[in-house]
Amino acid sequence: LVERLKIDDVVDAFAVHGACGLWGVIALGFFGDPVVGGNGLFHTGKGDQLGAQIVAVIIIALWVSGISVAIFLPLKLVGFLRLSDDFQDKGADVMEHSPSKAYKDKNTA
């Protein structure tokens, strides 16, 4: 899905933070234990908490989408979102840091 939408996510941040965070919110609706203040579907047989958690996921997704568009669209339009082709070809380590000090391979510098 990430590739099909052409999302540049080289460290799989969405898979880790987005998908796992979504599961963490939804899981409470299933497994919330009344002993600790929850009322999950598997403990109570009611879907109230699950419904609330689904609404929360929708609100969170809308909020994050709106804030992301407000921040990243202007950056993309003025060309500040991506590194130059030369910068990407050489690599950020070579251009920004001291790879000869960090790596034993002397061909990277």
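Along every chain, residues carry numbers that run from 1 in the direction the sequence is written. Local features are withheld for residues below a pLDDT of 70 in this predicted model, meaning they are given only at 70 or higher, and side-chain atom pairs are given and counted only at 80 or more; totals for whole chains, interfaces and linings count all residues. Remark: hydrogens and water are excluded; side-chain values derive from all non-hydrogen atoms of the structure.

### Side note on the environment of M95
(1) Moving on: The helix and strand labels rest on DSSP assignments: H or I over at least four residues marks a helix, E over at least two residues marks a strand, and numbering proceeds from the N terminus. For M95, the position within the fold is in helix α5 (residues 92-96).
(2) Moving on: Throughout, exposure labels follow a simple rule: accessible area from a 1.4 Å probe, protein chains only, divided by the maximum for the residue type, with under 20% read as buried, over 50% as exposed, and the rest as partly exposed. Residue classification places M95 among the partly exposed positions, given a relative accessible area of 33%.

### Describing the environment of G47
(1) Moving on: Tracing the chain through its elements places G47 in the loop between α2 (41-44) and α3 (48-77).
(2) Moving on: Sequence separation between G47 and F30 is 17 residues, and the spatial gap between their C-alpha atoms is 8.2 Å.

### Section: unusual backbone geometry
(1) Moving on: Even without being a glycine, D12 presents a positive backbone phi close to 55°.
(2) Moving on: Relative to the helices and strands, D12 is located in the segment before α1 (13-31).
(3) Moving on: When its relative accessible area of 46% is taken as the criterion, D12 is described as partly exposed.

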